Structure formats: structure tokens, C-alpha cells
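Chain and residue survey
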Amino acid sequence: MSRPVFATIDRQALRHNLAIARHAAPDARVWSVVKANAYGHGLSRVWESLSETDGFALLNMEEAILLRDSGWRKPILLLEGFFYPEDLVLIDRYRLTTSVHSNWQIKALAEAQLSAQVDIYLKINSGMNRLGFRPEQAHSVYRKLRALPGIGDITLMAHFADAENPDGLVAPLQRIERAAEGLAIPRSLSNSVCTLWHPEAHYDWVRPGIILYGASPSGDWQDIASTGLKPVMTLNSEIIGIQQLSPGDSVGYGYRYHAQQAQRIGVVACGYADGYPRRAPNGTLVCVDGVMTQVVGTVSMDMITVDLTPCPQAGIGSKVELWGEQVKIDRVAKAAGTVGYELMCALAPRVPVKVI
């Protein structure tokens, strides 16, 4: 490594988190969501650690093909479906399950020359108003799909906008119940929040995502403190420089931090070009040699400055955890005004990754 910054991916933690998700929804099958290159963890690195899942759910055709070429033979679900009629050639060839959320997709399926039936996830708009048919269209769309000879199994699918709210499922579930009345087909409704905390939404297939990687779906690390979930990604670096500040001295671009007293500052080899959030303010937690301290000054492209007052023993080469087991990624994300999902996905290609 040319720089001391690196990330680690813990495969055992992935297996452990999948087991927790399955235990939380014991009567449902599990789609492990590995979209966005497995939430930034690297699909090729982690999929085998999730091989006890019942299926993988993702977005990109390229990632689906990677899984098939790597030997995965169980189901793969395209969460956003296909984007062009010609995609159905690959869906047919690689035996993929596709969501259907638009009439043009039904037309494309009707016109496709398929070698075998394709399984469908019929996407219903639960009120989030992204993808999906309106609830009152569910029966007519189902009939259209069921009439096509190229369609195999059909599952009802929906997503929730506010499942973190204790009352956030009431209205969406009512809409889905009305839409599905009289349709004797399986359902897949539950994201990570519902998998952990809303058994009334489990039904036939759950779709855990962020919890597989050990972060909170609500963005509050305390919400999952008692679940046993383990962080999969750790971002590490080292102290590469020391500055001794006098009272009134400033740190970093824009002089955003001013020392109130004599203070040692450590310079860490990690910045926003590595995926650490530039918006992280003074006070964002960081761990140096096992001691909790905080970021001071503006995060720059390649460096972060941290307060060494709580860890006077620290010096050049001291180990730094930016997030992981000691510094929860959700705490860093919250301080920076974002979510753990974004930090995971933002890990830069220039950061070496160790798989353990």
C-alpha cells in the first residue's frame, strides 16, 4: 500500500448478520440485497459469504451476470426490472426474476421470444410514488401478466417510505391489502426495517439490505445496539503528522477550528477522496489507538485532522479507526448529515480492501 488508509471486509460478520435477518423473519425466505456493488463492499468479494440466502436482489444486469458466471444458481431479482426490451434476452438467458412496474414492460414481455417462463415481481405503489402501479390497477395488471404464456410465477412487491415511523406502515399496508384482495399470490414487502421490527409485513419474502452490512436502517446506531448485528466494513488509517497548537491557532481550510488552549493535533491519511464525508463537522468521532477522540477542522481531499488531547501517547504511526467496530458508521454519517448507506457506497476505488 502506498498510503496507510485501507478498508477491511469481515465475511464472518456478513454470515452472522444474514443469520440474524433470517431469525427475525423465520417463516419468510430471504432476498439478500446486494445492489450498488453490495453497498460498496464489493459484490465479487462478499456474495459467497451470503450464499446461505434464498436469493440475491440487485439492480444492474452486469452484477446479475457476475453472480451467474461465479456459480450462483438460485434466484436473482432485478429490483427495478428491465430498462429496455432487449434486456429480456439476458433475463431469459440468465434465468433472472424481474420486477414489472410499467405498462411498456408488459408489452415488451408480450412481444419477447422467451425460451422459458420468466418469474415476475409485480410492483405496487404503496404511496411512495416512485415505481409501481397504483393499487387500483393491481387486478387488471395481474390479469394481463397471467394471460401471457411467457410469464411464470408472479409475486406482489411493494416498498415503504416511512417504515422507521411506528405508524408508517398503517396506510401503506392498507393500500396493499386493498390492491391484493382476492389475489392468491406471494408477497414481498419487507425491507431491513420491516425485517427486524414489523413481522406483520414479512409475508413470503423479506428483502434485508443495510442490516446485512451491520448498520442501522433508521440511521440511529442505538436502534440496532441490541440486535447483535456486526459491522462488516471498517475504514482504517494512521497518524502521519503531528502539529502542536498554541491558543488561537487554527486548523485546516477555512480555519474552521480554533484552538482554545495548547493542543496536539494528529493528521490522518484519509480524506473525502477516500470516501470520508467532507461534511463531517468538528466533533465527529474517531478512534486513535483505541481511544475515542474527534475530528477538528475541515476534512480535506486526502487528510483529516484530529484532537490528540485524549490520547497523549499517540504519535506517528498510531492506528486510526474512522468507522467500524468502535466508531459506528451511523454515528459518523449522522454527524455529517447523511446515512450509513452513503458512506459505504462512497468508499473510493483508491482505498485498498482487505477481506478477512
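Shown above is the structure to which this text applies.
This report concerns the structure included in the present document. Counting starts from 1 at the beginning of each chain's written sequence and moves along it residue by residue. For a predicted model such as this one, the threshold for reporting local features is a pLDDT of at least 70, and the threshold for listing and counting side-chain atom pairs is 80 or more; totals across whole chains, interfaces and linings nevertheless cover every residue. Hydrogens are left out, water is left out, and the side-chain values use all remaining heavy atoms of the structure.

By salt bridge we mean one thing: a side-chain nitrogen of Lys or Arg within 4 Å of a carboxyl oxygen of Asp or Glu. Enumeration according to the criterion identifies 11 salt bridges in this entry. Measuring nitrogen to oxygen at the nearest pair gives 2.8 Å for the salt bridge that ties Arg-134 to Glu-136. In this scheme, a residue with accessible area under 20% of its type's maximum is buried, one over 50% is exposed, and one in between is partly exposed, where area comes from a 1.4 Å probe on protein chains only. The class of Glu-136 is exposed, set by a relative accessible area of 59%.

Okay, helix 4 (residues 61-69) next. Those residues of helix 4 that fall on the buried side of the exposure criterion are Met-61, Glu-63, Ala-64, Ile-65, Leu-67 and Arg-68. Of the surrounding secondary structure, the elements contacted by the buried residues of helix 4 are helix 2 (35-39), helix 3 (43-46), strand 3 (55-58), strand 4 (76-78) and helix 5 (87-93). Numbering of helices and strands starts at the N terminus; helices are DSSP runs of H or I of at least 4 residues and strands are runs of E of at least 2. Looking at the residues trailing helix 4, positive phi occurs at Gly-71, about 110°. By the convention used here, residues are in contact when the closest approach between their heavy atoms is within 4.5 Å.

We place a 1 Å grid over just the protein atoms. Points where a 1.4 Å probe fits but has no way out form a cavity, open points with protein on both sides within 12 Å along at least 5 of 7 lines form a pocket, and any residue with an atom within 4 Å of a point lines it. Grid points are joined across faces, edges and corners, and a volume is the space filled by probe spheres set on the points. The final tally for this structure, using the stated rule, is two cavities of 30 Å³ or more. The calculated volume of the largest cavity comes to roughly 50 Å³. Lining the largest cavity are Lys-123, Ile-124, Asn-125, Ser-126, Met-128, Asn-129, Arg-130, Leu-131 and His-159. Residue polarity follows a fixed list, in which Ala, Val, Leu, Ile, Met, Phe, Trp, Tyr, Cys and Pro are nonpolar, Asp, Glu, Lys and Arg are charged, and the others, Gly among them, are polar. In the lining of the largest cavity, the residues fall into three nonpolar, four polar and two charged. Estimates place the volume of the second largest cavity at around 40 Å³. In this structure, the second largest cavity is lined by Tyr-213, Pro-231, Val-232, Met-233, Trp-323, Gly-324, Val-327, Ile-329 and Met-344. The class makeup of the residues in the lining of the second largest cavity is eight nonpolar, one polar and no charged.

Residues of helix 7 (residues 138-146) that are buried include every one of Ala-138, Val-141, Tyr-142 and Leu-145, and no others. Mapping the buried residues of helix 7 onto a view down its axis gives an arc of 100°, with all of them on the same face. The inward-facing, buried residues of helix 7 contact helix 6 (103-111), strand 6 (118-123), strand 7 (151-157) and helix 8 (170-180). It is the directions from the helix axis to the C-beta atoms whose arc is reported.

One number sums up the size of the largest pocket: a volume of about 610 Å³. If you trace the largest pocket, you find 26 residues lining it, with Lys-35, Tyr-39, Arg-130, His-159 and Asn-191 closest to the centre. Of all the secondary structure elements, the ones that give two or more residues to the lining of the largest pocket are helix 2 and helix 9 (192-197). For the lining of the largest pocket, the class distribution of residues is 15 nonpolar, four polar and seven charged.

Moving on: the pairing of strand 6. Among the six residues of strand 6, five are classified as buried, and the element is accordingly described as predominantly covered. Two strands are said to pair when DSSP picks up at least two bridges between them. As defined by bridge partners, strand 5 (residues 97-100) adjoins strand 6 across three bridges and the pair is classed as parallel. Bridge pairing in strand 6 places Ser-99 opposite Tyr-121. The handedness rule is simple: strands pointing away from the viewer, and a clockwise path from the first strand over the helix to the second, make the crossover right-handed. In this fold, strand 5 hands off to helix 6, which returns the chain to strand 6; that crossover is right-handed. Two elements, strand 6 and strand 7, share five bridges in a ladder whose sense is parallel.

Attention now goes to the packing of aromatic side chains. Only rings of Phe, Tyr and Trp enter the pairing, Trp through its six-membered ring, and a pair is recorded when the two centres are within 6.5 Å. The plane angle decides the type: under 30 degrees is stacked, over 60 is edge-to-face, the rest tilted. The tally for this structure, following the rule as stated, stands at eight aromatic pairs. With a centroid separation of 4.7 Å and an interplanar angle of 25°, the aromatic rings of Tyr-39 and Tyr-213 are classed as stacked. In this pair, Tyr-39 sits in helix 2 while Tyr-213 sits in the loop between strand 9 (205-206) and strand 10 (233-245), placing the two residues 174 residues apart along the sequence. Relative accessible area serves as the criterion here: at 6%, Tyr-39 is assigned to the buried category. Pairwise contacts between aromatic rings join Trp-31, Tyr-121 and Trp-205 into one cluster.

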